[in-house]
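Tertiary structure, described
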Number of protein chains: 2
Amino acid sequence: MSGLPRLVQPKRDISRREDYLEAIYNLNEEKGYVSAADISDRLGVKPPTVSSMVVNLARKGYLDHERYRGMRLTRSGEKVAKSVIKRHQVISGLISMLGVDDQTAYVDTEGIEHHVHQSTLRRLQKLAEYLRENPDTLKAVLEFLEEK
Amino acid sequence: MSGLPRLVQPKRDISRREDYLEAIYNLNEEKGYVSAADISDRLGVKPPTVSSMVVNLARKGYLDHERYRGMRLTRSGEKVAKSVIKRHQVISGLISMLGVDDQTAYVDTEGIEHHVHQSTLRRLQKLAEYLRENPDTLKAVLEFLEEK
DNA sequence: TATATAAGTTAGACGTATCTAACATGTTTC
DNA sequence: GAAACATGTTAGATACGTCTAACTTATATA
């Protein structure tokens, strides 16, 4: 028998749903409306995949959707999207600050963002904030980064 | 049409495989051998799930496996496991350092670790290292964390 | 050593996200 | 306003990781 307690729950992975909500929110900010084709491009999936996820999200109450016409986030969907985006910004902000190029920062953040607890997120955010407020420290870190 | 390029690839999620390799490596370190039951406990999945993943990993060349007898990581499996564990340590080291409790740090890291580029990882590691080497700075960050 | 128990495996099913092919609807253009 | 085109949806299939139930093999014990 193992000496350690079980730490990890089986993964349920709601993260895909969050990806869609995030994309939908952002697209709406950028263009004022959201088309399935744009979601499809943004997330790199085919249109039918978008269709079925849209139905899924609508069923869950995150989205109002009128067949062949359009869609819009509900209050609840917007709320989730905003919190996902917040996480995204905190994390990608920190790793960008450390000199990771934007595209890498974006992609890494995509991978990370769904998995972090509030308390962890808050601390990472504070760390980023600290570095922003103390440019000398940030500079020292960045110099340290360059060494060897 | 969307104004931004496609940034995200469809997720293939090799992360589950990495979780198993990590668990197998750690269990072997702890006990000197690895049983399916321990993997099952460690990862919170049922034994048949372990069986099928074991076959999967063996087919991929990460594991030598003798039916009903036992298993052992191959060189290649060990190499992957070590790199996963390395990532794990870097990230959980950093977030522990920020005062996140151990269990949360562990779980968050599980979520994060599969998704981070080498270059990002290296920078996070360096950041952690910097904070370790400059305890005054770390102290300042932690105090900043407590404010408000 | 024979049997009971524990550990591991196979068979078969399910849910989720994805795909391609075919179809429906909406929009543009002559 | 009809035809062509673009966009969105449905149908049906696939891959993956998971599960339960039933079975097999190994180990412990009486």
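Residues numbered from 1 in each chain as written. Chains lettered and ligands numbered in written order. Predicted model: local features only at pLDDT ≥ 70, side-chain atom pairs only at ≥ 80, totals over all residues. Heavy atoms only, no water.

As a matter of local geometry, DNA strand D sits amid 19 residues, with Ser51 and His65 of chain A together with Arg16, Thr49 and Arg69 of chain B nearest to it. Separating a phosphate oxygen of DNA strand D from a side-chain N or O atom of Ser51 of chain A is a distance of 2.8 Å. Measuring from a phosphate oxygen of DNA strand D, one finds a side-chain N or O atom of Tyr20 of chain B at 2.8 Å. Elements that contribute at least two residues to the surface near DNA strand D include exactly helix 2 (36–43) and helix 3 (47–59) of chain A together with helix 1 (15–31) and helix 3 (47–59) of chain B. Broken down by element, the residue count for the surface near DNA strand D peaks at four residues, all from helix 3 of chain B. Of the residues contributing to the surface near DNA strand D, the split by class is nine nonpolar, six polar and four charged. (Near = heavy atom within 4 Å. Polar contact = N/O pair within 3.5 Å; in protein donor to acceptor, adjacent residues only side chain to side chain. Helix = DSSP H or I, 4+ residues; strand = E, 2+ residues; numbered from the N terminus. Nonpolar A, V, L, I, M, F, W, Y, C, P; charged D, E, K, R; others polar.)

Assignment of secondary structure puts Thr137 of chain B in helix 7 (residues 135–146). The class for Thr137 of chain B is buried, based on a relative accessible area of 14%. Look past the residues within four positions of Thr137 of chain B in its chain and what remains in contact with it is Tyr130 and Thr137 of chain A together with Tyr130 and Leu131 of chain B. (Buried < 20%, exposed > 50% of the residue type's maximum accessible area, 1.4 Å probe, protein only. Contact = heavy atoms within 4.5 Å.)

All names here are of chain A. Partitioning chain A into structural domains gives domain 1 (15–78) and domain 2 (82–146). Each of domain 1 and domain 2 was reduced to a C-alpha centroid, and the two centroids are 27 Å apart. At the interface, seven residues of domain 1 touch eight residues of domain 2. Taken together, the two surfaces of domain 1 and domain 2 that pack against each other cover about 760 Å², and 48% of this comes from carbon and sulfur. When the buried surface of domain 1 facing domain 2 is broken down by residue, Glu18, Glu22 and Glu78 rank first, second and third, together holding 59% of it. Inspection of the domain 1/domain 2 interface yields two salt bridges. Notably, a salt bridge pairs Glu18 with Arg87, separated by 3.3 Å at the nearest N-O pair. Taken together, the connections running from domain 1 to domain 2 amount to three residue pairs in polar contact (both at pLDDT 80 or more). Top element by residues in the side of domain 1 that touches domain 2 is helix 1 (residues 15–31). It accounts for six residues. (Domains from an automatic or database assignment. Buried area = accessible area lost by both parts, 1.4 Å probe. Salt bridge = Lys/Arg side-chain N within 4 Å of Asp/Glu carboxyl O.)

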